[in-house]
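Survey of secondary and tertiary structure
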Amino acid sequence: MMKKKSIPASKPLLILFLCQIISALDVPLDSKLLEELSQPPTITHQSPKDYIVDPRENIVIQCEAKGKPPPSFSWTRNGTHFDIDKDAQVTMKPNSGTLVINIMNGGKAEAYEGVYQCTARNERGAAISNNIVIRPSRSPLWTKEKLEPHQVREGDSLVLHCRPPVGLPPPIIFWMDNAFQRLPQSERVSQGLNGDLYFSNVQPEDTREDYICYARFNHTQTIQQKQPISVKVFSMDSLNDTIAANLSDTDIYGAKPVTERQPVLLTPTGSTSTKVELRGNVLLLECIAAGLPTPVIRWIKEGGELPANRTFFENFKKTLKIIDVSEADSGNYKCIARNTLGSVHHVISVTVKAAPYWITAPRNLVLSPGEDGTLICRANGSPKPSISWLANGVPIAIAPEDPSRKVDGDTIIFSHVQERSSAVYQCNASNEYGYLLANAFVNVLAEPPRILTPANKLYQVIADSPALLDCAYFGSPKPEIEWFKGVKGSILRGNEYVFHDNGTLEIPVAQKDSTGTYTCVARNELGKIQNEVHLEIKDPTMIIKQPEYKVVQRYGQVSFECIIKHDSTLLPTVIWLKDNGELPDDERFLVGKDNLTIMNVTDKDDGTYTCIVNTTLDSVSASAVLTVVAAPPTPAIIYARPNPPFDLELTGQLERSIELSWIPGDENNSPITHFVIEYEDGLHEPGVWHYQTEVPGTQTTVQLKLSPYVNYSFRVVAVNKIGRSQPSEPSEQYLTKSASPDENPANVQGIGSEPDNLVITWESLKGFQSNGPGLQYKVSWRQKDVDDEWTSVIVANVSKYIVSGTPTFVPYEIKVQALNDLGYAPEPSEVIGHSGEDLPMVAPGNVQVHVINSTLAKVHWDPVPLKTVRGHLQGYKVYYWKVQSLSRRSRRHVEKKILTFRGNKTFGMLPGLEPYSSYKLNVRVVNGKGEGPASPDKVFKTPEGVPSSPSYLKITNPTLDSLTLEWGSPTHPNGVLTSYILKFQPINNTHELGPLVEIRIPANESSLILKNLNYSTRYKFYFNAQTSVGSGSQITEEAVTIMDEAMASRQVDIATQGWFIGLMCAVALLILILLIVCFIRRNKGGKYPVKEKEDAHADPEIQPMKEDDGTFGEYSDAEDHKPLKKGSRTPSDRTVKKEDSDDSLVDYGEGVNGQFNEDGSFIGQYSGKKEKEPAEGNESSEAPSPVNAMNSFV
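In this report, the structure presented in the accompanying data block is examined. (Residues numbered from 1 in each chain as written. Predicted model: local features only at pLDDT ≥ 70, side-chain atom pairs only at ≥ 80, totals over all residues. Heavy atoms only, no water.)

Looking only at helices and strands, the protein features nine helices and 87 strands. The buried share of the protein, reckoned over its 1194 residues, is 38%. The long-range share in the protein, meaning contacts at least 24 apart out of those at least 6 apart in sequence, stands at 64%. Looking at the protein as shown, the accessible area adds up to about 67,000 Å², and 52% of this sits on carbon and sulfur atoms. (Helix = DSSP H or I, 4+ residues; strand = E, 2+ residues; numbered from the N terminus. Buried < 20%, exposed > 50% of the residue type's maximum accessible area, 1.4 Å probe, protein only. Contact = heavy atoms within 4.5 Å. Areas by Shrake-Rupley, 256 points an atom, 1.4 Å probe, with all protein chains shown as cover.)

Structure (structure tokens):
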């Protein structure tokens, strides 16, 4: 018979907790999803619990929260409702719970002292902040008192009391003189933790009248001064002289000489005392002793050791400092004061208590209706804290009942929750030393499944690689995910698939048959949804012929091949590199489809060449080395790398130098250019060789500089044009002596990682730089411009030290000094660092916008006070976004734009605005930590602009005398449209434009019928829209009215007649014949025949003589002197030169007007050609076509 297993009574809570882990929902960080899901409030930012404010500045009490719907905020003050509307000095920032109390305009900080608490509430619950205690800082004056001068014998002890006024926070105490110089302190004279000045024994040099105690109140940046204290020390010699002057010779006189005394404790008093400190704080224990000689203080812990790495000694070992104390540091601490006469001790019993601290803080729960869950709140402390629960800010005992919850001490158990169970729960853990408050919501959601991965997403994967198909989802209850392949495929199972909790399907080794469509199905009890994605498997890219090693002679040519094979659907790109860098910009490098060719090779081309093939999915590469050698004198000479040097010898050993010599190996027909000397440090890095130096190839000895505390071995490498030799055999070892460090760490920096710390970093010294064993670093720091003493700590061989508890973003002087067992390095230089930045506190004020035009605006703002930046001011960011278009009144998804203005600028230009729109903007200050709060949103509007072109222009329904125009309004009207402008004009056969007609059309029209147009005419249209600002850009179109059908038929009939075609052929033949005749005549040469005859029978009597040179001119008959006919050839100045012959056919053929008409007739003096008349109207000047010729007959 099977037995049922029983569950022990102690385990139900554990099982419920495990159920919570299994069933609690994770909400994906999808912005769209987060906007749609309801969520109770969550406090995201609040002021510290103990908030000390400057009484001179406005008080800002932070309270920021998020939730869906956005939460509303309210405040309590001293446990009762704080009505901010009734106090004119108090305002709440918009969309925020942050209070701003106006002190700078008449308010009193003391009036607002108290305990404040913020509540953020929406329909899903209420979250509360910590109790924020507001206290203004105080820096009271010293009470007036009459200070008597101190008269002390040499060797006695003395305490000068400071007793500073009680301030908030407590002041920092220091002693100075009238010249504002720090009083020197030592083992003999030092300041106690209470501010008093202790003298273990006074000396004559302690006499002075200006011992002044100062109290610095950091919060208000004020310093208060106590009245000066006068101290006069009487030495024994002077005291004896005074006594002798007042006594007779027979009197016995003489003060006792200065006597040595054994130690006595000045503070603390007695033999024992107690001290209580809180966990995590700094424990400070103090012992100051009187005595002569000055006592030395030593500290021990009874029954244990002082904690390593957390213990520091200050004030000349009079103060024991233990940081980050815990309960384990409780115990008895003994201080022992000793000098040559004896010792005294004091035991301080230390008890470490603890304010509450978290073991398990409650975490938000997102559950589905009907699910179970738990909220666990576990804290520890000393004494152990008590746990109390609140629901929506109300103690859970008096909160509205919820049957689904049960409180069991530090745990709330939820079972079968419903949507009404949504609430915010607060856990308060408190003891006498403090409290912790945590908000955790329970959000019960009932949501059908949603798939967040885009539909039909395409995944491309190289074969044999893993494929990851996403199916990001959300639903409540948590949906179950199933995957299918194909439209009607079965559910995917088996070892060949991996199903991830986030819905992703993994195919560890994708093959070609993995290609296809995959369907992801998500279902819960509220519904089902599916999504398809597609997977394509691609062939891998391969280099099937790789570049090979080449040796080429100088000035030769070399080629590297890189032949690839790739998937046909992927587009590869091939890149060639030389020595992992780009190829030289040189035309000698020719990159082909599958090779690289280098022409006219030089020595600089020597190196490694790499072929890289990239696709969108993979990348492969292959490399080869090119070696360039000199042209060999004969084919028999072989060039090679040199043989390694040998016979290494060390001589002239000194502490910091040594001489190394060697014998070169065979250079193998290529001269050795240089030797490289390397060393091994067998003490710090055995087996690792480092570069030391190099010398010319003609040198075989070198003087080497050495570092202390290094066990050296040396080797030599020879180098020629071909390459490097193998290293020589190592030399004998040589160990140098230890010394203190020669140098300090480099790159010392101080940058805070948190608002309350300073992270000091440096570059550690290398092993051989340590110069000796026991390398450590002395890290020192002090706040700049505050006159603080240096605080120092010695740390091990690390490269970082964190100073905690610093003020936010203040400058520090920092130095890091190296030391080892033999001493310190030289004094290091100081660097300036800053403690951690915090987010800026305030937003820029007085934001003003000046709109310059419809697309440009200028924004101004007042700079924030530098002390509120709390970091390095990097600039200001302007967020601006379009709210709506004033012409359309339609809202759209708000896309915020960001402009960053570097430095302390107080204005900036906003370009690219859309005309006639409403915008909002705000300004934020930026430091290294991030952005500060935003200024209130500023609304501004841009004026109208000119519109864009109409979206389209269509011309339809052509008739003999009309056309129909249709158009669309501009995509961007940029204002209110007033009208449309239509311009059009006819275009004739020569593309000349006719007169332009303009028509103005009302803005509400979208079509127009143009009438009374010419038939068979092309028109060009120009169309644009107008606003009150002006006209926008235009669009153009062309259209043709139809012609009369009878006319078109007649034209076609004439143009196709046989006689017309024959006539045209005859004209063309005649032109060809005339061209041939003129060509023959032109090539015949000489002058016209008539002229030749006249030259043969020249009559001297009738040959006129030229007046200028007495020679006879050429003959010309009477026709030469007749007026020239119209159209004859004349010079450009419209005159005929007497010397020119008008009878030369050559002159006519080659003159300016020597041309042929289309019918073959010659154009010249004998042609009778008329000058060309201007074209009339729109007639064409071109030769007429057959159709045009027939048109002219009609």
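Glancing now at the sheet that holds strand 13 (residues 158-160). One open sheet holds the three strands; their spatial order is 13-16-15, and the pairing between them is antiparallel. Both edges of this open sheet fall to strand 13 and strand 15 (189-191), since each of them pairs with a single strand only. Neighbour to neighbour, the strand axes of the sheet diverge by 15° on average, direction disregarded. (Pairing = 2+ DSSP bridges. Axes fitted to C-alpha atoms, helices over the stretch in contact; angles between N-to-C directions.)

Following Leu 168, the chain continues into Pro 169 via a peptide bond in cis, with omega recorded as -5°. Looking at the secondary structure, you find Pro 169 in the loop between strand 13 and strand 14 (172-176). Unusually for a residue other than glycine, Arg 163 sits at a positive phi of about 45°. Topologically, Arg 163 is positioned in the loop between strand 13 and strand 14. The phi dihedral of Phe 180 is positive, around 60°, even though this residue is not glycine. Looking at the secondary structure, you find Phe 180 in the loop between strand 14 and strand 15.

What follows is about the state of the cysteines. What is meant by a disulfide is a covalent connection between two cysteines, made through their sulfur atoms. Scanning all chains against the criterion turns up six disulfides. Note on cysteine connectivity: Cys 162 is disulfide-linked to Cys 213, with sulfurs 1.9 Å apart. With the S-S dihedral at roughly -70°, the linkage between Cys 162 and Cys 213 falls on the left-handed side. Taken together, the residues span a long stretch of sequence, with Cys 162 in the loop between strand 13 and strand 14 and Cys 213 in strand 17 (residues 208-217) at a distance of 51 residues. For Cys 162, a relative accessible area of 0% translates into the label buried. Among the residues examined, Cys 213 registers a relative accessible area of 0% and is labelled buried. Across the disulfide from Cys 287 sits Cys 335; the S-S distance is 1.8 Å. Here the disulfide of Cys 287 and Cys 335 is left-handed, its torsion about the S-S bond being about -70°. Placement of Cys 287 in the loop between strand 22 (283-286) and strand 23 (288-292) and of Cys 335 in strand 27 (residues 331-339) is noted, with a sequence separation of 48 residues between them. Cys 335 carries the same exposure label as Cys 287, and that label is buried. (Disulfide = S-S within 2.5 Å.)

Time to look at the sheet that holds strand 43 (residues 498-499). Spatial strand order, 40-44-43: three strands in an open sheet with antiparallel pairing. Unpaired on one side and paired on the other, strand 40 (467-469) and strand 43 mark the two borders of the sheet. As judged from the three bridges shared by strand 40 and strand 44 (residues 505-507), these two strands associate in the antiparallel manner. Paired with Leu 469 across the strands is Leu 505, a residue of strand 44.

What follows covers the side chain of Asn 974. Structurally, the position occupied by Asn 974 is in the loop between strand 80 (963-970) and strand 81 (977-987). Under the relative-accessibility criterion, Asn 974 is labelled buried at 16%. Within the structure, Asn 974 has its side chain in polar contact with the backbone oxygen of Val 946 (distance 3.0 Å). Those residues within four positions of Asn 974 in sequence are excluded, and the remaining contacts are Pro 915, Tyr 916, Glu 944, Gly 945, Val 946, Pro 947 and Ser 948. (Polar contact = N/O pair within 3.5 Å; in protein donor to acceptor, adjacent residues only side chain to side chain.)

Turning our attention to the pairing of strand 74 (residues 875-885). On any regular strand, side chains alternate: one points to one face of the sheet, the next to the other face. Among the 11 residues in strand 74, 10 count as buried, and that is most of the element. As paired strands, strand 74 and strand 75 (residues 897-902) are joined by six bridges and run antiparallel to one another. Residue pairing across strands places Tyr 880 opposite Lys 897, the latter belonging to strand 75.

When you line up the elements, Arg 216 lands in strand 17. Its relative accessible area of 9% is what places Arg 216 among the buried residues. Polar contacts involving the side chain of Arg 216 include one to the side chain of Asn 218, which spans 3.0 Å. Arg 216 has contacts with Pro 171, Ile 172, Phe 174, Thr 222, Ile 223, Val 786 and Asp 788, leaving out every residue within four places of it along the chain.

Burial along strand 11 (residues 132-136) is one-sided: the residues Ile 132, Ile 134 and Pro 136 are buried and none of Val 133 and Arg 135 is. With four bridges connecting them, strand 2 (residues 50-53) and strand 11 associate as parallel partners. Residue pairing in the sheet places Val 53 in a bridge with Pro 136 of strand 11. Note that strand 9 (residues 114-122) and strand 11 share three bridges and pair antiparallel. Residue pairing across strands places Tyr 116 opposite Ile 132, the latter belonging to strand 11.

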